[in-house]
Amino acid sequence: MTITPPSDPLKLARIRSAQARDILADLGLIEAWSRFGRPVLVGAVANDLALDPDIDLEVYCPQVLIEHGFTVLAQAARNPAVKETLYQNHLDGPDGALYWRIRYAAQNGEIWKIDMWSAADDYALPRGEHLVAPLGQTLTPDIRRAILELKAWRAETGTSCLSIDLYRAVIDGGVRDPDGLAAWLGSNATGVLTDWRPGCPA
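Before going further, it helps to examine the pattern of salt bridges. Taken as a whole, this structure holds 10 salt bridges when the rule is applied. With a shortest N-O distance of 2.8 Å, E129 and R127 are connected by a salt bridge. A relative accessible area of 18% places E129 in the buried class.

In C-alpha cells, the structure reads:
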C-alpha cells in the first residue's frame, strides 16, 4: 500500500505522535519494560517532531539482563502486527547497552520501527532522556516549524544530517532555511554522539 503523508510537516508530526502512542499502547511496551527498569520515550516522538514512522525508547535498569529484553520481545511478538524483532549485544562496544528492535505493521500497511536500548541505571554516555525536557521548553512555534520544515527538506533531498545536529543548527545557530543549514553543517562539528541540550555547548 502506498502511504501519502500530509504535505504540512506540522500536521504530519501531530499525526505521527498520536500514531506512535497508540502503537506503544497496543504493544504494552511501557508496562512490559517497567517490570525490569525505567522506560523513557525519547527521540522525535517525545517532542512531537517525528515525520518518519520511528519510535525510540531508552530503558534504565538496575540489572541489564538479556532475558528481560527477550521477555518483552516475546510478549510483543504475540501481537499479529509485529512482523520482526531483533536483538544485538553492544555491552562491550561504545554504546555499552543492549539493543532491541520491533517492526510493526500499522493498519494502513505502514511499517513502524521501534528502537529500544536497555542500559544500566548509572549509564554515563549521552542519554536521549536528558534532551527531551530542555528541547520541549525551547520549542516556540517558530522553532518547531523550522525544525519540521528542514526535516521534510532533508527527507526530500536525501541530505545526511543527524536530527540533533539539525536541532543545534536551528536553536543555537538561528538557521531557518536549507541554505542556512548547509552553511551551518559545513562550519560545525557534526555526526557524533553528543550530550548537547539547548543552552549547553555540544
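Glancing now at unusual backbone geometry. Even without being a glycine, D48 presents a positive backbone phi close to 55°. Following the sequence through the fold, D48 ends up in the loop between α3 (43-46) and β2 (54-61). Among the residues examined, D48 registers a relative accessible area of 31% and is labelled partly exposed.

What follows deals with the packing of helix α5 (residues 129-138) against helix α7 (residues 163-171). Angle between the axes and distance between the axes are the two parameters that describe a pair of packed helices. At a minimum axis separation of 12 Å, α5 and α7 run at an interaxial angle of 35°. Classified by chirality, the crossing of α7 by α5 is left-handed. On the side of α5, the interface is formed by L131, L135 and T138, while α7 contributes I164, Y167 and I171. A breakdown of the residues in the contact of α5 with α7 according to their chemical character gives five nonpolar, one polar and no charged.

Here we come to the environment of P141. With respect to the helices and strands, the residue P141 is situated in helix α6 (residues 141-157). Taking the relative accessible area as the measure of exposure, P141 reaches 69% and is therefore exposed. Along the chain, P141 and L10 lie 131 residues apart, while their C-alpha atoms are 9.9 Å from each other.

This model, assessed by the stated rule, comprises six aromatic pairs. Both rings, one in Y87 and one in W100, keep their centres 4.9 Å apart while their planes meet at 35°; by these two values the pair is tilted. Of this pair, Y87 sits in strand β3 (residues 82-90) while W100 is found in strand β4 (residues 97-105), placing the two residues 13 residues apart along the sequence. Accessibility expressed as a relative area gives 26% for Y87, which makes it partly exposed.

The strand order across the open sheet formed by five strands is β1-β2-β5-β4-β3, and the pairing between neighbours is mixed. A single partner strand is all that each edge strand has here, and the edge strands are β1 (38-42) and β3. Looking at each pair of strands side by side, their axes are set apart by 20° on average, direction ignored. Pairing between β1 and β2: five bridges, direction antiparallel.

Parameters at a glance
- Residues numbered from 1 in each chain as written.
- Predicted model: local features only at pLDDT ≥ 70, side-chain atom pairs only at ≥ 80, totals over all residues.
- Heavy atoms only, no water.
- Salt bridge = Lys/Arg side-chain N within 4 Å of Asp/Glu carboxyl O.
- Buried < 20%, exposed > 50% of the residue type's maximum accessible area, 1.4 Å probe, protein only.
- Helix = DSSP H or I, 4+ residues; strand = E, 2+ residues; numbered from the N terminus.
- Axes fitted to C-alpha atoms, helices over the stretch in contact; angles between N-to-C directions.
- Left-handed = near helix turned anticlockwise from the far one by under 90°.
- Contact = heavy atoms within 4.5 Å.
- Nonpolar A, V, L, I, M, F, W, Y, C, P; charged D, E, K, R; others polar.
- Phe/Tyr/Trp six-rings, centres within 6.5 Å; stacked < 30°, edge-to-face > 60°.
- Pairing = 2+ DSSP bridges.

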